[in-house]
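Notes for the structure review
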Amino acid sequence: MKFDLPFCTEINSWRQRAKVHWMREGDKSTKFFHVRASSREKKNTIIGFQNAAGQWCEEDGELESNVLEYFRGIFKSDNPTDVELNEVLTAIVPRVGHNINVELTSEFTQIEVQETPKGMHPLYLPISGKLSARMLPNGF
């Protein structure tokens, strides 16, 4: 089977940008998808926001520094004690049992490395040792 990769990539990117799932059912109106993707882009654009001091920020440098400051504040450590850490950790219900954890953390076998690409869709395979764009998380 031969794929026209640039065409497939363009179609998939528009489908993802427009966040529509009915393309596979036959609606391939190019104008429709461009309008949907463009309106979604406008809707998801941040023009500005209010910082911690209550001031409206619109400039790129201000936005960046305020976003960094906000997330640093959320994720900073207050140097919790071992007792506090243990209290939090004991409240977490484990989802992976010991046997599964041992299997997941074991070394890959040569057979697994050789067989895995054979079960992958061709669009997800790395090309010439490089990552395909489809293998990257959304937003990259």
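Residues numbered from 1 in each chain as written. Predicted model: local features only at pLDDT ≥ 70, side-chain atom pairs only at ≥ 80, totals over all residues. Heavy atoms only, no water.

Our next topic: the overall build of the chain. Within the chain, the regular secondary structure consists of six helices and two strands. For the chain, the α and β elements follow one another from N to C terminus as α-α-β-β-α-α-α-α. Taken across its 140 residues, the chain has 11% of its residues classed as buried. Within the chain, contacts between residues at least 6 apart in sequence are counted, and of these 14% link residues at least 24 apart. Surface summary for the chain: the accessible area is close to 12,800 Å², and the carbon and sulfur share equals 57%. (Helix = DSSP H or I, 4+ residues; strand = E, 2+ residues; numbered from the N terminus. Buried < 20%, exposed > 50% of the residue type's maximum accessible area, 1.4 Å probe, protein only. Contact = heavy atoms within 4.5 Å. Areas by Shrake-Rupley, 256 points an atom, 1.4 Å probe, with all protein chains shown as cover.)

The next point concerns the packing of aromatic side chains. In the structure shown here, the tally under the stated rule is two aromatic pairs. With 5.0 Å between their ring centres and 80° between their planes, Y70 and F71 make a pair best called edge-to-face. Judged by relative accessible area, which is 51%, Y70 ranks as exposed. When the centroid spacing of 6.2 Å and the interplanar angle of 10° are considered together, the rings of F71 and F75 count as stacked. Pair noted here: F71 and F75 are both in helix α3 (residues 60-75), with a separation of four residues, about one helical turn. Taking relative accessible area as the criterion, F71 reaches 41% and is therefore assigned partly exposed. Through successive ring pairs, a cluster of aromatic residues spans Y70, F71 and F75. (Phe/Tyr/Trp six-rings, centres within 6.5 Å; stacked < 30°, edge-to-face > 60°.)

Turning to the pattern of salt bridges, a few remarks are in order. In total, this model carries one salt bridge according to the counting rule given. The shortest N-O distance in the salt bridge between E115 and K118 comes to 3.4 Å. Assessed through its relative accessible area of 63%, K118 is described here as exposed. (Salt bridge = Lys/Arg side-chain N within 4 Å of Asp/Glu carboxyl O.)

Here we take up a nonpolar patch on the surface. Nonpolar side chains collect at one region of the surface, where V67, Y70, F71, I74 and F75 lie side by side and expose about 530 Å² of accessible area between them. In this structure, I74 sits in helix α3. (Patch = residues over 30% accessible without salt bridge, like charges linked within 9 Å, V, L, I, M, F, W, Y side chains within 5 Å.)

So, on to the environment of T116. Mapped onto the elements, T116 comes out in the segment after α6 (110-115). Among the polar contacts listed, one links the side chain of T116 to the backbone oxygen of E112, at a separation of 2.6 Å. (Polar contact = N/O pair within 3.5 Å; in protein donor to acceptor, adjacent residues only side chain to side chain.)

A cluster of acidic side chains, namely E58, E59, D60, E62 and E64, defines a negative patch on the protein surface. Looking at the element boundaries, D60 is found in helix α3. (Lys, Arg positive; Asp, Glu negative; His and termini not counted. Charge placed at Lys NZ, Arg CZ, Asp CG, Glu CD.)

Turning to the side chain of N51, a few remarks are in order. Note that N51 resides in the loop between β1 (49-50) and β2 (56-57). Side-chain polar atoms of N51 contact the backbone nitrogen of A53, separated by 3.0 Å. Those residues in contact with N51 that lie beyond four places of it in its chain are C57 and N66.

Across the chain, the average pLDDT comes to 75, with 66% of residues at or above 70. Here helix α1 (residues 5-18) stands out as the least confident element of the chain, with mean pLDDT 61; helix α5 (residues 98-105) is the most confident, with 92. (pLDDT = per-residue confidence, 0-100.)

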